[in-house]
Amino acid sequence: MIGLAARRSFENLFAPETRKVFWKVLGLTLLALLVLWFVLRGVFNFLVLPWLQGFMPFTSDWTGWLTFLLAIFAGIALALAMALLISPVTALIAGLFLDDVAEVVEKRDYPGDAPGTAMPIVAAMKSSLRFLGVVIVGNIMALFLLFIPGVNLVAFFLVNGYLLGREFFEFAAMRFRSPDEAREFRVKHALTVFLAGLVIAAFLAIPLLNLLTPLFAAGMMVHLHKLISHRETSLRSGQA
C-alpha cells in the first residue's frame, strides 16, 4: 500500500489537474525565500558587519584579507541559513494548499467515493502553522543529533518520518473523520503511517525536489488513508 500510495502521489504532482497548485506553491516559496535572502543579507550588512568591524577598525572596507575571509564566512552562513529555512518556508506556504491537493487526488483517483470536507480558512492556517512547527522541531532535533556519530542520518529519518507521517496522515483522515477519530485511526495503523513517513523523509532529503515535500506528502497520505479505509471496509463486508 505504501509503495502504491507513493507512486500515485508522485504521478499526481505533475498531473494537469495539480499543475496549478504546483506552480502556485513553487512560485510563492521561491518568492518568500528570495525576500528572506535580502532580509538576512540586509541584517548582516547593516547590523552584524558594523558590529564586527568595531573590533577591527583597521579593516574598514572589504579589501583587507581579514574582511575578505569574513565575507566568505558570511556567504557560507547565509547559504546555510537559507538551506535551513527551505523546509519551514515550504511547509508554511504549502500548508495553505493541502486541501487543493487532496481534492485533486480524490476526484482523479477515487471518483466513486464521497468527497472529503475541506478545512475552513482559519483551521487551514492553524494547520499550516502546525506543519511549520513540526518541521522546525523535527529539524532542530535532527540537527542536534547530527553531532552524535553513527546516529545522525538515522536520526534525521526517524524524527522526520514520525512527525511528518503523523501530521500528514491525520490531515488526510480529518477530511472524513473528526479530529479524535482521525487520531485514533492513525494510532491504530501507527506502523504503516510511520513507514510511510520514512518515505516522506527520504523525499525531503532530495535537494530541490524537497520544495514539493508537503504536496507529495499530502497526496501520499490521502492515497494511504483511502487504501486503508477501503481494505477495512472490504474486511468488514467479508465478515458480514
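Everything quoted here is computed from the prediction, not taken from an experiment.

1. Notes on the overall build of the protein
Along its length, the protein carries nine helices and zero strands. In sequence order, the protein lays out its α and β elements as α-α-α-α-α-α-α-α-α. Within the span of the protein, comprising 240 residues, buried residues form 42% of the whole. Taking contacts inside the protein between residues at least 6 apart in sequence as the whole, the part at least 24 apart equals 78%. Accessible surface computed for the protein: about 13100 Å², of which carbon and sulfur atoms make up 73%.

2. Looking at helix H8 (residues 190–204)
With 15 residues, H8 should cover 21 Å at 1.5 Å per step; its first-to-last C-alpha distance of 20 Å lies within 8% of that length. Of the positions making up H8, those classed as buried are Val193, Ala196, Gly197, Ile200, Ala201, Phe203 and Leu204. Projection of H8 onto a plane perpendicular to its axis shows the buried side chains occupying an angular sector of 155 degrees, all on one side.

3. A few points about the UniProt feature "transmembrane region" (unreviewed entry) in the protein
Per the UniProt entry, the sites bearing "transmembrane region" (unreviewed entry) are residues 21–48, 68–98, 129–147 and 190–212 in this numbering. Regarding residues 190–212, the helix share stands at 65% and the strand share at 0%, and the terminal C-alpha atoms are separated by 24 Å.

4. A closer look at helix H1 (residues 2–13)
For H1, which comprises twelve residues, the first-to-last C-alpha distance of 17 Å matches the rise-based estimate of 16 Å (1.5 Å per residue) to within 8%. Buried residues of H1: Ile2, Ala5, Ala6, Ser9, Asn12 and Leu13, and no others. Axial view of H1: buried residues confined to an arc of 125 degrees, hence all on one face.

5. A look at the side chain of His225
Looking at the element boundaries, His225 is found in helix H9 (residues 213–239). Using a relative accessible area of 4% as the deciding quantity, one classes His225 as buried.

6. Quick look at the packing of aromatic side chains
Tallying each qualifying case throughout the model produces three aromatic pairs. Look at Phe10 and Phe14: their rings are 5.3 Å apart centre to centre, the planes differ by 70 degrees, and that puts the pair in the edge-to-face class. Here Phe10 falls in the partly exposed class, since its relative accessible area comes to 37%. With a relative accessible area of 40%, Phe14 lands in the partly exposed category. With centroids separated by 4.2 Å and ring planes inclined at 5 degrees, the aromatic side chains of Phe203 and Phe216 adopt a geometry described as stacked. In this pair, Phe203 is assigned in helix H8 and Phe216 in helix H9, connecting sequence segments 13 residues apart. Here the two residues Phe203 and Phe216 agree in accessibility, since each one is buried. The side chain of Arg177 reaches across the aromatic face of Phe185, ending 3.8 Å from its centre.

7. As for the nonpolar core
Of all hydrophobic cores here, the largest spans 41 residues; its most connected members are Met220, Met221 and Leu224. Elements with a contribution of two residues or more to this core: H1, helix H2 (16–53), helix H3 (65–94), helix H4 (98–109), helix H6 (152–173), H8 and H9. Of all the elements, H9 adds the most residues to this core, at ten residues. Excluding its chain neighbours within four sequence positions, the residues that come into contact with Met220 are Ile2, Ala5, Ala6, Ser9, Ala196, Val199 and Ile200.

8. A closer look at a nonpolar patch on the surface
Together, Leu28, Leu31, Val35, Val39 and Val43 line one region of the surface with nonpolar side chains, adding up to about 400 Å² of accessible area. Within the secondary structure layout, Val39 lies in helix H2.

9. Focus on empty space enclosed by the protein
Here the structure, examined in full by the defined rule, presents two cavities of 30 Å³ or more. When its volume is computed, the second largest cavity comes out at roughly 30 Å³. Lining the second largest cavity are Ser9, Asn12, Leu13, Thr18, Val101, Leu215 and Gly219. Where the lining of the second largest cavity is concerned, the elements lending two or more residues are H1 and H9. If you tally residues by element for the lining of the second largest cavity, the top one is H1, at three residues. Broken down by class, the residue content of the lining of the second largest cavity amounts to three nonpolar, four polar and no charged.

What counts and how
Residues numbered from 1 in each chain as written. Predicted model: local features only at pLDDT ≥ 70, side-chain atom pairs only at ≥ 80, totals over all residues. Heavy atoms only, no water. Helix = DSSP H or I, 4+ residues; strand = E, 2+ residues; numbered from the N terminus. Buried < 20%, exposed > 50% of the residue type's maximum accessible area, 1.4 Å probe, protein only. Contact = heavy atoms within 4.5 Å. Areas by Shrake-Rupley, 256 points an atom, 1.4 Å probe, with all protein chains shown as cover. Expected span 1.5 Å × (residues − 1). Arc of directions from axis to C-beta. UniProt positions renumbered as here; feature names shortened; annotations may be inferred. Phe/Tyr/Trp six-rings, centres within 6.5 Å; stacked < 30°, edge-to-face > 60°. Lys NZ or Arg CZ within 6 Å of the ring centre and 35° of its normal. Core = buried A, V, L, I, M, F, W, Y, C linked by side-chain atoms within 4.5 Å. Patch = residues over 30% accessible without salt bridge, like charges linked within 9 Å, V, L, I, M, F, W, Y side chains within 5 Å. Salt bridge = Lys/Arg side-chain N within 4 Å of Asp/Glu carboxyl O. 1 Å grid on protein atoms, 1.4 Å probe; cavity = no way out; pocket = protein on both sides within 12 Å on 5 of 7 lines; lining within 4 Å. Points joined across faces, edges and corners; volume = space filled by probe spheres on them. Nonpolar A, V, L, I, M, F, W, Y, C, P; charged D, E, K, R; others polar.

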